[in-house]
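Structural overview
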Amino acid sequence: MKQVAPALRRKRLGMLDALLLLGAVATYFFADLYLALATSVLIMIVFALSLDLVQGYCGIETLGHAAFFGSGAYAAGLFALHVSPNPLLGLVAGALVAGVVGLITGVVVLRVSGLTQIMLTLACATLLYEAGNIAKSITMGDDGLTGYTIAPVLGMFEFDIYGHTAYLYAFAVLLAVYLFTQFLVNSPFGLTVQGIRENAMRMSLLGVRVGLRRLMLYTIAAALAGVAGALSAQVNNIVALDTLSFTLSANVLVMLALGGTGRLYGAVLGAVVFMVLSDRIAAIDPTNWLAALGVLLIVVVRFAPDGLIGVVDRFTARTRRPAPAVTTTQAGAPQATSTDKEVTP
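Residues numbered from 1 in each chain as written. Predicted model: local features only at pLDDT ≥ 70, side-chain atom pairs only at ≥ 80, totals over all residues. Heavy atoms only, no water.

**A word on the overall build of the protein**
Secondary structure summary: the protein contains 15 helices and two strands in total. Of all 345 residues assigned to the protein, the portion counted as buried reaches 43%. In the protein, once contacts between residues fewer than 6 apart in sequence are set aside, the share between residues at least 24 apart is 74%. Accessible surface, the protein: about 18,300 Å² in total, of which carbon and sulfur atoms supply 66%. (Helix = DSSP H or I, 4+ residues; strand = E, 2+ residues; numbered from the N terminus. Buried < 20%, exposed > 50% of the residue type's maximum accessible area, 1.4 Å probe, protein only. Contact = heavy atoms within 4.5 Å. Areas by Shrake-Rupley, 256 points an atom, 1.4 Å probe, with all protein chains shown as cover.)

**Things to note about the packing of helix α5 (residues 87-109) against helix α6 (residues 115-134)**
Closest axis-to-axis distance for the α5/α6 pair is 10 Å, and the angle between their directions is 145°. Between α5 and α6 lies a crossing of right-handed hand. Along the contact surface, α5 presents Val 101, Thr 105, Val 108 and Val 109, while α6 presents Gln 117, Leu 120, Thr 121, Cys 124 and Leu 128. (Axes fitted to C-alpha atoms, helices over the stretch in contact; angles between N-to-C directions. Left-handed = near helix turned anticlockwise from the far one by under 90°.)

**Some details on the UniProt feature "transmembrane region" (unreviewed entry) in the protein**
When the UniProt feature table is mapped to this numbering, "transmembrane region" (unreviewed entry) covers residues 12-30, 36-54, 66-83, 89-110, 166-194, 215-232 and 289-312. Between the first and last C-alpha atoms of residues 36-54 the distance is 28 Å; the span itself is 100% helix and 0% strand. As annotated, residues 66-83 comprises 94% helix and 0% strand, and the C-alpha atoms at either end are separated by 24 Å. (UniProt positions renumbered as here; feature names shortened; annotations may be inferred.)

**Looking at the packing of aromatic side chains**
Applying the stated criterion across every chain, the model contains five aromatic pairs. Seen in terms of ring centroids, Tyr 28 and Tyr 167 are 6.0 Å apart; in terms of plane orientation they differ by 20°. Their pairing is stacked. You can see Tyr 28 sitting in helix α2 (residues 15-30) and its partner Tyr 167 sitting in helix α8 (residues 164-186), a full 139 residues away along the chain. Since its relative accessible area comes to 3%, Tyr 167 is described here as buried. (Phe/Tyr/Trp six-rings, centres within 6.5 Å; stacked < 30°, edge-to-face > 60°.)

**Brief notes about the nonpolar core**
By size, the foremost hydrophobic cluster in this structure holds 83 residues, and its most contacted members are Met 44, Ile 45, Phe 47, Leu 49, Leu 53 and Phe 68. The element contributing the most residues to this core is helix α3 (residues 35-57), with 16 residues. In this structure Leu 49 touches Leu 174, Val 177, Tyr 178, Leu 264, Ala 267 and Val 268, once residues within four positions along its chain are discounted. (Core = buried A, V, L, I, M, F, W, Y, C linked by side-chain atoms within 4.5 Å.)

**Focus on unusual backbone geometry**
Backbone geometry places Leu 154, a non-glycine residue, at a positive phi of 60°. In this structure, Asn 237 takes a positive phi of about 60° despite not being glycine. Among the secondary structure elements, Asn 237 is positioned in the loop between α11 (210-236) and α12 (246-259).

**Here's the deal with the packing of α5 against α11**
Where α5 contacts α11, the axes come no closer than 6 Å and their chain directions differ by 140°. When the interaxial angle is binned, α5 and α11 end up oblique. Like other packed secondary-structure pairs, α5 and α11 cross with a definite hand, here right-handed. Its residues assigned to classes, the contact of α5 with α11 shows 14 nonpolar, nine polar and no charged. (Parallel < 35°, antiparallel > 145°, perpendicular 65-115°, else oblique. Nonpolar A, V, L, I, M, F, W, Y, C, P; charged D, E, K, R; others polar.)

**Considerations on the pattern of salt bridges**
Under the counting rule described, the total for this entry stands at three salt bridges. One salt bridge connects Arg 197 with Glu 198, and the closest N-O pair in it is separated by 2.8 Å. Judged by its relative accessible area of 59%, Glu 198 falls in the exposed class. In this structure, the salt-bridge partner of Asp 306 is Arg 314, at a minimum N-O distance of 3.2 Å. What makes Asp 306 partly exposed here is its relative accessible area of 37%. (Salt bridge = Lys/Arg side-chain N within 4 Å of Asp/Glu carboxyl O.)

**Considerations on a nonpolar patch on the surface**
Side chains of Val 100, Leu 103, Ile 104, Val 107 and Val 108 sit close together on the surface and give an oily, nonpolar patch of about 410 Å² of accessible area. Mapped onto the elements of the fold, Val 107 is located in helix α5. (Patch = residues over 30% accessible without salt bridge, like charges linked within 9 Å, V, L, I, M, F, W, Y side chains within 5 Å.)

**Focus on the side chain of Arg 214**
When you line up the elements, Arg 214 lands in helix α11. Buried charged residue Arg 214 carries no salt bridge. Nearest counter-charge: Glu 61, at 9.3 Å. Dropping the residues within four chain positions of it, Arg 214 is found in contact with Cys 58, Ile 60, Leu 110, Gln 117 and Ile 196. (Lys, Arg positive; Asp, Glu negative; His and termini not counted.)

**Looking at the side chain of Thr 39**
Inspection of the secondary structure assignment puts Thr 39 in helix α3. Overall, the relative accessible area of 3% leaves Thr 39 in the buried class. Excluding anything up to four places from it in sequence, Thr 39 contacts Gly 163, Ala 166, Tyr 167, Ala 170 and Val 235.

**Thoughts on helix α9 (residues 188-198)**
For α9, the set of buried residues is Phe 189, Gly 190, Thr 192, Val 193, Gln 194, Gly 195 and Ile 196. Next to the buried residues of α9 lie α3, α8, α10 (200-205) and α11.

**Structural notes on the environment of His 82**
Counting through the fold element by element, His 82 comes out in helix α4 (residues 66-82). Linking His 82 and Tyr 148, residues 66 residues apart in sequence, is a C-alpha distance of 8.4 Å.

**Quick notes on the confidence of the model for the protein**
Close inspection of predicted coordinates is inappropriate in any region flagged by low pLDDT. For the protein, per-residue confidence averages 85 on the pLDDT scale, and 89% of positions sit at 70 or higher. For residues 336-345, every residue scores under 50 in pLDDT, and the model assigns this stretch nine contacts once sequence neighbours within four places are set aside. (pLDDT = per-residue confidence, 0-100.)

**Concerning the environment of Val 100**
As for its placement among the helices and strands, Val 100 is situated in helix α5. Given a relative accessible area of 46%, Val 100 falls into the partly exposed group.

What follows is the structure in structure tokens.
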């Protein structure tokens with residue numbers, strides 16, 4: 001407990017936090033017709049946050065993050081089908097199974113780096129995908145895992161057809177995950193991992209067990225991705241084989257690229273922009289909607305390489321810049337002076 005308060009004090013709630021919270025509340029009250037989409041956005045934010053821990057804060061490259069999302073989804077669905085329909089216990093089951101998968105695969109993946117590491121993450125996800133497709137007696141294969149029911153949250157709030165309970169449930173889980181990740185990245189452990197990302201050799205010389213720290217963060221991120229998958233399984237009442245697909249891994253990478261890596265806000269903004277634009281553009285042009293997203297990604301990478309959160313940071317920095325001080329010369333004419341250094345965009 002002695003480390004919790006300092007870690008939370010390093011990152012206080014700001015204007016952007018308030019705006020995001022206000023947007024979530026306004027969505028619930030004024031966008032009833034889009035609660036299903038909004039719930040999917042919340043789930044993807046949790047998923048993107050888990051990837052940001054791996055790639056943004058630890059520098060681990062991956063193309064198979066959907067392996068943990070799908071593992072958590074199938075674990076929650078099977079848990080509800082064969083053990084208990086309790087949603088909170090299902091979340092725990094999804095996190096535990098995905099965490100174990102992350103621990104096992106991390107032992108192999110984290111031994112290498114670069115392109116080899118990327119291909120190993122893709123191979124792990126592909127193996128799980130094929131295993132889910134073959135084990136039809138357990139996962140129901142291409143038909144999707146169905147037939148389970150989810151009990152009311154806390155025994156009181158039933159999942160309704162309008163999605164009110166699902167949205168509030170997903171929002172509560174997202175809030176808990178967000179606060180946990182904020183604490184994690186600002187804790188001594190999180191700061192050490194960021195040091196490993198910058199210079200692993202130097203951290204090793206300082207006595208830090210680099211491999212163990214990376215494996216621990218990889219496992220934690222996998223568990224959080226499993227929470228996102230479990231949420232998806234509980235809210236949708238079906239677990240499709242696509243939860244283990246490469247497409248899902250690629251989509252969450254695009255979300256992170258749009259929002260910006262190494263910043264939790266970037267994962268939030270990227271997921272919101274990607275999901276909302278995907279839905280709206282697909283409604284307008286179901287054939288070429290991916291092309292529009294591709295153009296957007298190219299524009300962001302070209303003009304905002306640090307993502308949308310970088311644009312927000314530069315805008316807020318300019319609005320907070322103090323006005324230049326005014327002094328009087330010997331001739332009595334006012335002269336503007338400023339102590340600000342020139343900022344290069």
